[in-house]
Amino acid sequence: MQQPCEVGKAKRQGLASKVTPLPELWSRRQLCVRVVKAALGDDSTRVRLATLRAIGRLLRTSYLERIEGWPLNYVSLQMAVSAHQLTHPTLSLPLGGLEEKAIGIASAEVLHIAVASGRGTSQELWTKLLSYLMQPPYMALVTPLCHALRLLAEQRLRRVGHKQNGLGTGSLPTPQELMARLLALTVSPLEGTGRGGAVLLLMNALRPEAYRDVGEHWWVEIPALVRYLEGHSKYTLEPAAWEAKLLEFLQKSLRRSEAGGWNLVLGKELAKQLNTYHNSSAEKGFLYKALGMALSAAGDTDGVAQTLLDLLLHTDYTEEAQRKSLPEPGRGSVKSALLLLYGSMAVRAPREQLVPLLTSEIVPRILRHYTSSGPELTYFAGATDAELALSFSQCVSDISLSILSKGDAPSFCLPQKRLLLDLLVDIIKAEPLDALVSPVRQQVMVALRHLSHVPEQLSREENQVLAEVALSSVFALPPLGLAADAGQAPLPSSVQALHTGVLTSLSELVETLLEEEEVRVEQRESANLQWFQQAFQLLGYWMVSEREWERARALQLGVHLLRAHCQKTSASPRIPPEQFSHLTGVLGPFTCDVLGSIRQGAVDCIRVLLSTQGTQRPRGRLVAWQLHCIQRKLRSESSPREVRTASLQLAKVVSRALPPQEILAFLRTLLEQLRAVSPTCDQAVLLWFEVVVKEQRAALKDKIPDLVAVICSYVQQSEDATQRHSLAQAVCVLTERHHRAVCATLLQQTLLPDRARMELLVAVATYKDNSEPVLRHLLNVVRGEGSGTPSYIMALVPLREGVLALEGCTSRLPLLSKLCHALLCQLSSTDLNAETPNPPPLKRMACSRMVLLEPRRQAVLVLQAVLSRALPESAGEMDVSGDTWSFLMQPGSYLKGVALLARSMACSQNPLIDDLLRRILPHLSSSRTAYRDLSLVFCMEIPGHSLLHTPEMLNLLLQEMLARSQDGSTALRALAIRGLGNVATEAPHEVKKHQESLLATLLQAAGNGASPEVAGESLCALGKLWGCIGRRQRVRALQAVAGQARGHLWHVDDSLREAAFELLGQLARATQPEEAKSFAKEVGRSLTALLLHFREPSPTVAKACSIAFTSCAPFVGLQDLTGDMEAGQLLADVSGARHIHLMGKVCRQLAKMDPTLLGAILADVPQYLCCTWEGVQIAACKLAVILVETADAQRLPRLDLDRLLEALRPLCCDPNAAVEIAASEALRATQRKCQERQADSARSHRRRPPLLGWLFGRQRKGSRPKSQGARPT
C-alpha cells in the first residue's frame, strides 16, 4: 500500500510544479505551498525528488518570496541525507545510488534558482553554501555550488561594494582555508562537468572581497586558465602541463602578498588539506608542491620551522608522495653507509657484545633504515636505489655470517629472519628481466644463501619457493649473444662478468637450498630419491621452455647440482633405479636439441648419472671414452646427421644400463616428452624409443600390453595431431619387433579407449615395414573371431586402411584372395546378416576414411578396398554402378551383390579370380547353406571359367540351380534362374541334355505373378535357352513361351515388360520358316502392344518394344514398313508424329491384307485407354482415330464402337491436357463413325423387306467377332 501512496504524492508534486506558472492560480499560491509542505515528511525517494523540483518551480515563479526558512532547511536536509547515503553506501541503496545522486543535483539546482532569482541573498545562505563547498562529501556538487556562490558573490559585491575585506564573520572559512580548498579542487579540472572552470571563476568573483592583494591580476590570469581548459577535453589535457600552470599561477599570487604571515597561514591550510585525499591521488602530490611553494614564500622563519616540524612528525615515510615532497639531500647515501656500518660491526664485534644487541637493536635499526625508503624499490631507475639495495644485501650477508661464525649458532634464533628473506625476495622480483645492469641480483642471492643457514631452518617448500624466485630472475635474462644477433654493439666485459657471476651465485644458492640434513645409512637411498625429485622438479619448467637459452641454463645448472650432490654423498653414490630411468628418459631427447650447449648439458647430466650406476664398472674406461666421443659429436658446429648418430649411440649406452624392471618406466617417460620442447626433440624421442625396443626386445616381451596401454592413454588424452602421430609412430616401431603382441593388445584389450585403439591399429596396418604381417594377423582375427565380437569389428577398419596403403599388390595376391574369401564368407554368415538394433558404439576417428563401425558395412568397405587394389578395372565398374556395394551391405540382398561382384570380375584375367574361385568351389558341398549359396551364386555368374567348364562341374551346377530355382527365397530363385541362362550361353551342349527340365522350370517360373524379379529372369533365361533346344521342342513350346511373353507386356514392372519384349524379339529372330505361321498368330495377338508401347515412359522398355516390333512385323505382312521403323527416330520424336504416321501406315496396310486383325486391334484399344501411362493413353487415342477412319463401310457395322466410346468418355475429363485433347478428338471421330453407321443402317432397312431384315439382323448379331488379344495383367 505504500508504493501507490508514494506515486500519488509524487504525481501531486509534479502537478503542482506544472500548474504554478498559470496566471489564474496566482490567487491560490498559498494552496500550492501548502501542498508542497504536506509532503515534506515523506522519506521516499520519488516524493523527495518531486518536492525539490516543486520548490524550485515555486521559487522561479515567485510563489515563494525567499528561500530562507522551511525551504532552505528542507533543501539542506536533502543535501545532507544524499551525501551521507553516497559516502556510506549499503546493499539496500536503490539503483546503486543513482536516485540519491539525482536528489543531490536537484538540491543544488534549487539553491542556484534561489540565488539567480534573487530569492536567496541572506548571510545564512552564503554561510551554508561555503560550508558545503568545504566539506568532502559534497564533492559531486562542487560545480553547481560554485556557480551559485559566484552569482551570490556578485550580488553581495553590488550591495556592499569594496567596504569589507574577508568572507564575513561567524563560522565562515578564512580566505586561506577557502583558497587551499579551491586549489585542490582545480587539480582535476574536467571532472564533474567542468569543475575546474567553475572553481576558477568563483575565485575571480571572490577577489574583490577576499583576495585583493594576492588576486590583483586574477582578472587577467583566471580567464586565460579557463580558456585553456575550454580548448581541451579529458583525452587531450596533459595533467603535468595543467599542474605546471596552476603552480605558476599560485607562485605569482604568493609574490603579491604584502604580509608574509598570509602565505604561512595558506601553507598551514594546504597541510590540512593533505589528509583529505588518498596517497596515490594527483591532488595530494600537487598539495605537497603547493605547500613547499607557500612555505618558501613565507617570511616568518620560526613559523616555517614549526610547520615543518609538525609536518615531519605526522609524515609517513613509506608514502612515496610524502617522501618526495620533503627534500633530504644525500639520504640514500647516508642510509647505505649506515647499513654497511652495521654489517661490518656485526662481523667484527665480540660474541658477548653482539648477541644481546643483535635481535633487539641492530637488526631492527637495519630494517628501519631500509624500509623507510619504501616497500617498492626501483633500483634500476637510479644509482642511489641500487646502492641501497647492495648495501642492504651486504649487511644481511655480514649479519648471517657473523651468526654462523659464533660458537652458539645452532642455539641462536633470529626472529627477523623471515622478514629479511621477504625483503631480499622483493628486491629480486623488482629487478628487470630484460637486462642485467647491476650486481644486485648476485649480491642478493649471496645474502639469501648465507641467511638460509641461519636458524631457524626453513622447510623444504619454503626453500623451493626461494629457489624458484631466483631461477625466474636469472633464467629469463636474454643471453649474451642476443645483442650481437640483433645487430647491436658487443657487450662490454663488465656485463659478461656480471652474467658469469650471477649464474655462479645462482648455482651456489640452489645447491644450498637443496642441501639436506645428515641422515642414517639406511635412509640415504630414500633421501637421494627425494633430492633428485626436488632438483629436477625445480628445473623441469625451464627445461621445457620455448626459449633455447633458458633450456641451456637449466641443463647447465642440472649438471652442477648433480656433480655437487655426488661429491657430497658417499664415495660411491648410487641413484635409485627408478630415478635413473626417469632422468635419462627426460634428458635423452635434449641430445637432438637445436643448441649445442643444450646437447652438451644433456650429455653431461647423463654421464654423471651413468657414473653412479654400477653396471658399467667392468667396462668403465671404454664407456667413458665412448661418452667422450659422443659429446664431441654433439658440439654446436656438428651437422644434423652427426647429431643424430651421436644421439643414437648414447641411446644404446643408456639402454644397456637400464635395469630390466625399469624399461617400461623409461619408455613411458620418453613418450611424455613428445611435443614438450621442439620437433627435433620429438625425433629424438622416437629414435631412443626405437633403440630401446631393439636392444631390450627380450625384456619387453612380457611388457608389451602395459606399454601399449600407456600409449593408448596418451593418444586418447592428446588433442594435438602431431603428438598423436608421433605416438602412432612409436607403436609402429614397437610392432616391427612384436607385431603379434601389439595387435593382440590393441584388438583384445577392450578396456582401452576405442578411439586410441582404432587410430593406432590404422597406423600399424599402414606402416610400410609392418603392413603384410599385420594384415595377416588381422586376417586371422577375421577368420577366427565371431562376426559380432569387438575384436572382429576393431580389425575391419585397419584392414581396409592397410589394404589401401599396399604397394605392389602383384606379390600379395594370395593374401588378398584369402582376405576376399574370408570377407565373403563372413558376409554370408547368419551373425553378420542379422539386423542388430544396437550396433557397437565405435565411432568415427581421426582418419578421414573411418566411418561408423557397423560390422557389415565395414566388411563391405574392406572388400571394396581389396578389389580396388587387386582389380582396379572391375572395381571401377562397380563403383560407377554402386549397386554391388549397396546390395552387399543389405542382408536381404547380399546374394545379389555377390552375383554383381562375380559378374564384374568375369571379364578380368587377373590371377586373383582363379585363386578366389579355388577357395569358393569347395563350399558347393558344404554343410552350411549360406556357404553353398555363396559358392553357387558366385559360380553361376562365371560358368565359362576354365575351372567350371567340365561336365561334372556343369552338371553339378545345373542340378543345384534347378533345385534353388524351385525352392528357396525369391532373390535366390531369381539368381538361380539367371544362372541357368548363363549356363545356356556358355555351355549349350550341356544344356541340351536337360532341355526338357530346364524349359519346364523356366516356364513355371515365368508364370509366377507374385515375383516380377523371378518372372523377368525366367523370360531372359528363356531367350538364352531358345537357341539351344531342338526344333521339335521349340515347335511344342512356342505357343507357351510366346504366351508367357505376351502375358507380361502389360505388367507394371519396367524390367519385366522389357524382358517380355526382348523375348518376343528373340523368338521372332529364332523362328524358322516352318514355324512362321504358328508364330504369326502370336504376333497378331501382341500387335496392339507392339504398336502402343513405343510411347512408354521407360526408355529401355520403349527401345525393347521398337526392336521387337521390327523383328515381328514381317510375320504379319508388314515387311514393307522397314523404312518407317527406324527405332532411333521414333524414340527421339517427342511430338509423336512419326509414331502416328507409322500406326496409320500399319492400319491401312492391314485393312487391305487382314481386316480381321484390324478389328482385333480396335478391340484391344479400350484396354490401353484405361492404363496409367499418359504416353500410351495418348497413342491409344490416336490409334483409335486411325482405326475408325480406316475401317471401310462393310466392316464398320461389325466394329464394337460402343465399348470404345465408353472408354473414351472418362478421358475427356482427364487432368492431363494432352490426354484430354487426344481423347476428345478420338471421341468425336468415333461418334461421327457411329452416326454414319446408323445412317447406313436406316437406309438399308427401308430397302429390305421386314422379314428379310430381321433375318439379316439375327445373322449379324450372332456373327459379331469376339475381342482378341491379351488382357492386361
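About the cut-offs
- Residues numbered from 1 in each chain as written.
- Predicted model: local features only at pLDDT ≥ 70, side-chain atom pairs only at ≥ 80, totals over all residues.
- Heavy atoms only, no water.
- Phe/Tyr/Trp six-rings, centres within 6.5 Å; stacked < 30°, edge-to-face > 60°.
- Helix = DSSP H or I, 4+ residues; strand = E, 2+ residues; numbered from the N terminus.
- Buried < 20%, exposed > 50% of the residue type's maximum accessible area, 1.4 Å probe, protein only.
- Contact = heavy atoms within 4.5 Å.
- Expected span 1.5 Å × (residues − 1).
- Core = buried A, V, L, I, M, F, W, Y, C linked by side-chain atoms within 4.5 Å.
- Axes fitted to C-alpha atoms, helices over the stretch in contact; angles between N-to-C directions.
- Parallel < 35°, antiparallel > 145°, perpendicular 65-115°, else oblique.
- Nonpolar A, V, L, I, M, F, W, Y, C, P; charged D, E, K, R; others polar.

Would you mind going over the packing of aromatic side chains in detail, with residue names and values included?
Evaluated as defined, the whole model comprises eleven aromatic pairs. When the centroid spacing of 5.5 Å and the interplanar angle of 40° are considered together, the rings of W218 and F249 count as tilted. Placement of W218 in helix α10 (residues 218–230) and of F249 in helix α11 (residues 239–255) is noted, with a sequence separation of 31 residues between them. Plain terms: the ring middles of F475 and W542 are 5.5 Å apart, the flat faces sit at 80° to each other, and that makes the pair edge-to-face. Of this pair, F475 sits in helix α21 (residues 460–475) while W542 sits in helix α24 (residues 524–543); the two residues are 67 residues apart in sequence, bridging distant segments of the chain. With respect to class, F475 is no different from W542; both count as buried.

Before we move on, could you go through the side chain of S935 and cite the residues and values that matter?
Among the structural elements, S935 can be located in helix α45 (residues 929–940). Residues in contact with S935, not counting those within four places in the same chain, are I920, L921, H923 and L924.

Help me get a handle on helix α49 (residues 995–1006), residues and values and all.
Over its twelve residues, α49 extends 16 Å from the first C-alpha to the last, a length consistent with the 16 Å expected when each residue adds 1.5 Å. What α49 keeps buried is the set Q995, L998, L999, T1001, L1002, L1003, A1005 and A1006. Buried-residue contacts for α49 involve α46 (951–966), α47 (970–986), α48 (988–992), α50 (1012–1026) and α51 (1031–1047).

Explain the nonpolar core to me, using residue names and the numbers behind them.
Of all hydrophobic cores here, the largest spans 303 residues; its most connected members are F392 and F689. Sort the elements by how many residues they give to this core and helix α34 (residues 721–748) lands first, with eleven residues. Non-local contacts of F689, meaning those with residues more than four positions away in its chain, are made with L667, L670, L671, L707, I711, A730, V733 and L734. Residues Y63, I67, L250 and F286 belong to the second largest nonpolar core, which totals 88 residues.

How would you explain the packing of α47 against α50 if you had to name every residue and give the values?
Relative orientation of the contacting elements α47 and α50 amounts to 10°, with a least axis distance of 8 Å. For the element pair α47 / α50, the angle class is roughly parallel. Packed against α47, whose contacting residues are T970, R973, A974, I977, R978, G981, N982, A984 and T985, the element α50 presents E1013, V1014, E1017, S1018, A1021, K1024 and L1025 at the interface. Class assignment of the residues belonging to the contact of α47 with α50 gives a composition of six nonpolar, five polar and five charged.

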